[in-house]
Amino acid sequence: MTKRVIEASHAIAIGAKLTRPDVIPMYPITPQTHVVEDLAQFINNGEMKCAMIDVESEHSAASAFLGSIAAGSRTFTATSSQGLLLMYEVLPIVSGMRLPGVMAVANRAVSAPISIWNDHSDAVSARDQGWIQLWVESSQEALDTVIQGVKISEDKGVMLPLMVCFDGFTLSHVFEQVDVPDQKTVDKFLPKFSLKHKLDIKNPKTFGPIGFPNSYMYFKKQQQDAMITSLDVIKKVNKDFKKSFGRSYGSGLLDLYKMGDADYAVLGMGTLCGTARVTIDKLRKQGKKVGMIKVRSLRPFPEKELQVAVKNLKALAVIDRHISLGQEGPLVTDVRSAIYCNDLTVNGYIAGLGGMDITVKLFEKVFSDLEKGKQNGSWLFD
Amino acid sequence: MKKKKQNFEQGAVVTKPGSSKNYHTGDWRVFRPIIDQSKCIKCYQCWQVCPDAAIRIDKKTERVEIDYDYCKGCLICVKQCPVKCIAKEVEKK
Ligand code: SF4
Ligand code: SF4
């Protein structure tokens, strides 16, 4: 293991390199571009033996990702915002065909107005397409989650594609100290890539056939069962990762901060959790019993674990960095549905859209809302 | 849709080739094309255009024959035939 000061994009690229992908189809888009550049450089320098496919769009990147996995290759890609939207048609095909592979998403707002800055609208709005989604808070977690992601995705009981979601700019371009695992340990941690069925001219099979009304629904049920199975696999891989690398992230599904005796808590995903930690430390010094729940796994959503985590709370605030226009933030909808029986006040806040800062001051306002017994959230403008 | 014993292989992979033989697209037919062999000039244009490869050429007699298990009744052959020797009839089932 070597300590280095790098940005999360570089950490993601190193993580991908350590998992030894055979193929990387990629199309650059801000703020994911550094990931593509770094991987291209690794290949060019001979540090990595891998076929990079320069595609003409993200739709092609996703299609090549699909085809390459089906042909039996470990495959990696990355995208962001409009790029993910252009991939959209292919996303449920990859998951429906049960092809395992990791894609990093540098989260960025979607147009219009045009915004290259961070929020969660791109990946959150793709949550129903059958991909596991793990959301990370730091560069270290970004690197580690790419490695964990490969193992989770390729688990025989799971066999689903997986997105590693990391905040654009707020994380992708931020330099932090990162422990870079050595290749040997990663090689030991990850099994060899293998598929039960792959494209093979010597042994022809049909991939992606039609599902008639008497079969389609059975295949969807299999996908849902695999998602439910992945809850335990994510936890197990997180534990095993600790044994091999000395680090883990909460349970793998949720990461709790000072929740032991907390009366009030905030819940969110990604880098805003770092700001929440700082606010909580500050408020704890003033004697306030506050804590945080970081949702690491948005899909599958860890309902049962969340029910336990909020058991002793008086009120909870959910911070959504995306809005389902015409409804509320999707995260707060998921949380409310999961803890319906807990009889707890849950306020939904919309914050940080299109790169607007989420500051300590905003978190202080949220905690003071909870303390005052306010029964609804609001839009948090910095 | 007839009920068949189904194999729900992960990812809907069909593990053996040739499974489309089990789908009798002839079930879809509303109109039945019928070749009048006495007028047929054996140009084989119908054989070329049939989208379901449901028209076969008998090697001995050199005649064209329609396989009604797979002919879906699109009538492209009827339209194509230069001597108009393929008639259409409403399918009676
Ligand atoms: S009707 Fe259509 S499917 Fe049937 S034989 Fe003619 S061209 Fe082929
Ligand atoms: S197109 Fe008409 S004439 Fe030509 S082979 Fe077919 S049936 Fe005979």
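Residues numbered from 1 in each chain as written. Chains lettered and ligands numbered in written order. Predicted model: local features only at pLDDT ≥ 70, side-chain atom pairs only at ≥ 80, totals over all residues. Heavy atoms only, no water.

1. Structural notes on the site of ligand 1
Close to ligand 1 lie Pro33(B), Cys50(B), Pro51(B), Ile55(B), Cys71(B), Lys72(B), Gly73(B), Cys74(B), Leu75(B) and Cys77(B). Of the residues belonging to the shell around ligand 1, the class tally is 8 nonpolar, 1 polar and 1 charged. (Near = heavy atom within 4 Å. Nonpolar A, V, L, I, M, F, W, Y, C, P; charged D, E, K, R; others polar.)

2. Examining unusual backbone geometry
The omega angle of the peptide bond from Ser111(A) to Ala112(A) is -5°, so this bond is cis rather than trans. A cis amide bond links Arg299(A) to the next residue, Pro300(A), at an omega of 0°. Note on placement: Pro300(A) falls in the loop between strand E12 (297–299) and helix H11 (303–309). Located in the positive-phi region is Met159(A), a residue other than glycine, with phi close to 50°. With respect to the element layout, Met159(A) can be found in the loop between helix H7 (139–154) and strand E7 (162–167). Judged by its relative accessible area of 4%, Met159(A) falls in the buried class. In this structure, Tyr44(B) takes a positive phi of about 65° despite not being glycine. Mapped onto the fold, Tyr44(B) is located in the loop between strand E1 (31–35) and helix H1 (45–49). (Helix = DSSP H or I, 4+ residues; strand = E, 2+ residues; numbered from the N terminus. Buried < 20%, exposed > 50% of the residue type's maximum accessible area, 1.4 Å probe, protein only.)

3. Considerations on the nonpolar core
Residues and elements named next belong to chain A. Judged by nonpolar contacts, the single largest core of 52 residues is most densely connected at Met-163, Leu-306 and Leu-316. Viewed by domain, this core spans two of them, domain 1 (2–245) and domain 2 (254–372), each represented by three or more residues. Those residues within four positions of Met-163 in sequence are excluded, and the remaining contacts are Leu-84, Leu-91, Met-103, Val-105, Ala-123, Ala-126, Trp-131, Ile-132, Gln-133 and Leu-134. Of all hydrophobic cores here, the second largest spans 50 residues; its members include Met-48, Cys-50, Val-164 and Ile-234. (Core = buried A, V, L, I, M, F, W, Y, C linked by side-chain atoms within 4.5 Å. Domains from an automatic or database assignment. Contact = heavy atoms within 4.5 Å.)

4. Describing the domain arrangement of chain A
Residue and element names in this part refer to chain A. The domain architecture assigned to chain A consists of domain 1 (2–245) and domain 2 (254–372). Computed from C-alpha atoms alone, the centre-to-centre distance between domain 1 and domain 2 is 27 Å. Between domain 1 and domain 2, the contact holds 30 residues from the first and 24 residues from the second. The largest per-residue losses of area from domain 1 upon contact with domain 2 belong to Arg-127, Trp-135 and Glu-137, which jointly make up 29% of the total buried on that side. Remark: the boundary between domain 1 and domain 2 carries 6 salt bridges. One salt bridge in this structure joins Arg-296 and Glu-141, with 2.7 Å as the shortest N-O distance. Here domain 1 and domain 2 share 15 residue pairs in polar contact (both at pLDDT 80 or more) between them. No other element matches helix H9 (residues 216–245), which puts 6 residues into the side of domain 1 that touches domain 2. (Buried area = accessible area lost by both parts, 1.4 Å probe. Salt bridge = Lys/Arg side-chain N within 4 Å of Asp/Glu carboxyl O. Polar contact = N/O pair within 3.5 Å; in protein donor to acceptor, adjacent residues only side chain to side chain.)

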